[in-house]
Amino acid sequence: MYDADPRLHPERVGLNDTDLRKKLPCDTVEDVKPLWAVGAEDWGEQPESVASDLHWRRAKPLQARGAFGHLGKTLKGNLLPAFVRLTCNYRPDVDLLQPFKAWCRLYKPTQAYLHYVGAPELEPDYSYTITPEQIKSGYRSPEMVQKDAWSSFIRGTFGPLRRQKTLNLGWVNYFPKEFVQNGMPEELEAIGVTVEPFAEGYILQLGPSLGDVKTDFRTFSELRHQAKGVLGRERFVIEEEPLLTG
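These notes cover the structure that comes with them. Because the structure is predicted, anything quoted here is derived from the model rather than measured.

A few words on the pairing of strand β8 (residues 172-176). The buried count for β8 comes to five of five residues, which makes it a mostly enclosed element. Across the two faces of β8 the burial is the same, with V172, Y174 and P176 and N173 and F175 all buried. Here strand β7 (residues 112-114) runs beside β8; their pairing, made up of three bridges, is antiparallel. Bridge pairing in β8 places Y113 opposite N173.

Now for the sheet that holds strand β9 (residues 194-198). An order of β7-β8-β10-β9 is seen for the four strands of this open sheet, with the pairing classed as antiparallel. Two strands bound the open sheet, and with one partner strand each, they are β7 and β9. On average, each strand axis in the sheet is inclined to that of its neighbour by 20°, with strand direction left out of account. With five bridges connecting them, β8 and strand β10 (residues 201-205) associate as antiparallel partners. If you follow V172 over to β10, its bridge partner there is Q205.

Further remarks concern the sheet that holds strand β6 (residues 83-87). Pairing within the open sheet is antiparallel, and its four strands lie in the order β1-β2-β3-β6. On the outer flanks of this sheet lie β1 (12-14) and β6, each paired with one strand and no other. Within this sheet the neighbouring strands show an average axis-to-axis angle of 10°, counted without direction. Sheet topology places strand β3 (residues 65-69) next to β6; five bridges connect them, and they run antiparallel. Paired with R65 across the two strands is T87, which belongs to β6.

Moving on to the pattern of salt bridges. Applying the stated criterion across every chain, the model contains eleven salt bridges. Among the salt bridges present, the one from R218 reaches E222, with a minimum N-O distance of 3.8 Å. One end of the pair, R218, and the other, E222, are both in helix α9 (residues 217-231), four residues apart, so they sit about a helical turn from each other. Residue classification places R218 among the partly exposed residues on the basis of a relative accessible area of 41%. For E222, a relative accessible area of 34% corresponds to the partly exposed category. Residue E241 pairs with R224 through a salt bridge whose shortest N-O separation is 2.8 Å. Taken together, the positions of E241 in the segment after α9 and R224 in helix α9 put the pair 17 residues apart, joining distant regions of the chain.

This part takes up the environment of D212. Take D212: it is sitting in helix α8 (residues 210-215). The exposure class of D212 is partly exposed, given its relative accessible area of 28%. Once the C-alpha coordinates of D212 and Y116 are considered, the two residues, 96 residues apart in sequence, prove to be 9.0 Å apart. Ignoring anything within four residues of it in the chain, the contact list for D212 reads G207 and F217.

Turning our attention to helix α3 (residues 97-107). For α3, every residue scored as buried is listed here: L97, P99, F100, W103 and C104. The arc enclosing the buried residues of α3, seen along the axis, measures out at 165°, which places them on a common side. Elements in contact with the buried residues of α3: β3, β6, β7, β8, β9 and β10. Immediately downstream of α3, the backbone of K108 shows phi near 50°, a positive value.

This model, assessed by the stated rule, comprises ten aromatic pairs. Relative to W103, the ring of F68 lies with its centre 5.9 Å away and its plane at 85°, an arrangement referred to as edge-to-face. One end of the pair, F68, is in strand β3; the other, W103, is in helix α3, and 35 residues separate them in sequence. Exposure class is identical for F68 and W103. Each is buried. Seen in terms of ring centroids, Y113 and F158 are 5.5 Å apart; in terms of plane orientation they differ by 90°. Their pairing is edge-to-face. Of this pair, Y113 sits in strand β7 while F158 sits in the loop between α6 (142-155) and β8, and the two are 45 residues apart along the sequence. As far as burial versus exposure is concerned, Y113 and F158 are alike and both buried.

Calculation criteria
Residues numbered from 1 in each chain as written. Predicted model: local features only at pLDDT ≥ 70, side-chain atom pairs only at ≥ 80, totals over all residues. Heavy atoms only, no water. Buried < 20%, exposed > 50% of the residue type's maximum accessible area, 1.4 Å probe, protein only. Helix = DSSP H or I, 4+ residues; strand = E, 2+ residues; numbered from the N terminus. Pairing = 2+ DSSP bridges. Axes fitted to C-alpha atoms, helices over the stretch in contact; angles between N-to-C directions. Salt bridge = Lys/Arg side-chain N within 4 Å of Asp/Glu carboxyl O. Contact = heavy atoms within 4.5 Å. Arc of directions from axis to C-beta. Phe/Tyr/Trp six-rings, centres within 6.5 Å; stacked < 30°, edge-to-face > 60°.

Below, the structure written as structure tokens:
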């Protein structure tokens, strides 16, 4: 985080909203170390308890916020994946690809994306009515599943922490090598996707710049639709493109 553009550096850090109001020191990495993995016990290959997430934000431009979630294990022994999340206002002169690649190189995640979320993806109504009986049974109609997936995608998540899925493609995406199978890199490049071997996986870039998603969403949307066809549409929860269905 501190190697990125200074306009992304934290102004507030903490384990919760109360901490974020306290103006805890965060000018350097050393300042933040006391808040890293607080509550974790028996750190080995896997922690025996879930460490507190580290949250940060800044009010000055770019008005950014984010969190670092630590690998954990539930009482039943199920793993909870680590995560990194950054949300900020868009400015074309701020390099967001640099911290994205740095985190992918460090974490080698199962999936990651960098994306501009604008009106075509924000304006649809993702709300729905659900009955107590449906909540109890866990029922979700196909429409509910799609709306949940879109809501998670535009928030920068992969769904519930214990049941994460591949929802969609953003402007830039990271996947392990096993996700981008033999022959796919060549097919993706043939339709205009930039494919870069990176950190034991691949970076897939859908368009020259992040700003293109803002200024020409239709072109990005069409390329995303084609790219998912190459990678396998059944591997993504979100089925349709906002501007390809109307």
